[in-house]
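Commentary on secondary and tertiary structure
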Amino acid sequence: MILFFSIVIITCRKPRESQYPFLISSYNLQEQFDEGKFLIYCWHLLEENSILSDSITTSNLEIEFDTLIVDSSSYVMTFVWDGKVKNYPEEGVLHKLFYKEDKIEYLELLGYQYHFSERSIFDKDLTKELIKILKNNRGNLNPWLEMEAQKKGFYN
């Protein structure tokens with residue numbers, strides 16, 4: 001009787017949905033997914049802070065996973081915004097992250113390539129600026145971005 005009751009509880013329990021898309025979990029790329037998505041948000045925070053005088057426009061939007069293309073030692077993850085963004089020409093702007101051996105090589109956005117092998121977005125000076133921007137806008141950012149920044153220690 002006890003065994004039957006245990007089986008019923010296990011099988012009747014609704015499975016928890018993964019926070020990662022199926023393809024990302026299938027290839028065990030969760031860490032790279034988080035790193036890439038966070039990098040896209042941070043890149044926009046730094047860019048917008050330096051060129052816009054008004055409030056940040058992309059950091060409160062949801063960046064959604066779109067596609068994963070896998071080759072032998074490299075892969076591409078694509079992400080899109082969920083809406084129209086001021087100062088960007090179209091809705092659903094596509095971001096392509098190119099990885100080689102699990103490291104981000106570059107971000108492609110609106111036809112431009114931003115390489116990260118030469119200089120990290122998280123170098124000392126940029127990290128100070130990023131921490132300032134994150135702290136000054138806390139509560140106004142996308143919830144995923146705030147949670148990830150907290151996990152990475154940017155609010156400490």
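Scope of this entry: the structure provided in the associated data block. (Residues numbered from 1 in each chain as written. Predicted model: local features only at pLDDT ≥ 70, side-chain atom pairs only at ≥ 80, totals over all residues. Heavy atoms only, no water.)

The number of helices and strands found in the protein is five helices and five strands. In sequence order, the protein lays out its α and β elements as α-α-α-β-β-β-β-β-α-α. Looking at the protein residue by residue over its 156 residues, the buried ones come to 39%. Look at the contacts in the protein between residues 6 or more apart in sequence, and 45% of them connect residues 24 or more apart. (Helix = DSSP H or I, 4+ residues; strand = E, 2+ residues; numbered from the N terminus. Buried < 20%, exposed > 50% of the residue type's maximum accessible area, 1.4 Å probe, protein only. Contact = heavy atoms within 4.5 Å.)

Before going further, it helps to spend a moment on the environment of Leu23. Take Leu23: it is sitting in helix H2 (residues 22-26). In sequence terms Leu23 and Thr67 are 44 residues apart; their C-alpha atoms lie 8.5 Å from each other.

The next subject is a nonpolar patch on the surface. Together, Phe22, Leu23, Tyr27 and Val70 make up an exposed nonpolar region whose accessible area comes to about 430 Å². For Phe22, the location among the structural elements is in helix H2. Using a relative accessible area of 67% as the deciding quantity, one classes Phe22 as exposed. (Patch = residues over 30% accessible without salt bridge, like charges linked within 9 Å, V, L, I, M, F, W, Y side chains within 5 Å. Areas by Shrake-Rupley, 256 points an atom, 1.4 Å probe, with all protein chains shown as cover. Salt bridge = Lys/Arg side-chain N within 4 Å of Asp/Glu carboxyl O.)

What follows concerns the environment of Asp71. Its location among the elements puts Asp71 in the loop between strand S1 (63-70) and strand S2 (74-81). The class for Asp71 is exposed, based on a relative accessible area of 53%. Placed 29 residues apart in sequence, Asp71 and Lys100 show a C-alpha to C-alpha distance of 9.5 Å.

A few words on the pattern of salt bridges. For the coordinates displayed, the defined rule picks out four salt bridges. The shortest N-O distance in the salt bridge between Glu62 and Lys37 comes to 3.2 Å. Remark: Lys37 occurs in helix H3 (residues 30-51) and Glu62 occurs in the loop between H3 and S1; sequence separation between them is 25 residues. We classify Glu62 as partly exposed; its relative accessible area is 23%. For Lys37, a relative accessible area of 6% corresponds to the buried category.

Our next topic: the sheet that holds S1. The five strands lie next to each other as S1-S2-S3-S4-S5, forming an open sheet whose pairing is antiparallel. Across the chains shown, the open sheet's two edge strands, defined by having one partner strand only, are S1 and strand S5 (112-115). Within this sheet the neighbouring strands show an average axis-to-axis angle of 25 degrees, counted without direction. With four bridges connecting them, strand S4 (residues 103-109) and S5 associate as antiparallel partners. Across the sheet, Leu109 pairs through a bridge with Tyr112, a residue of S5. (Pairing = 2+ DSSP bridges. Axes fitted to C-alpha atoms, helices over the stretch in contact; angles between N-to-C directions.)

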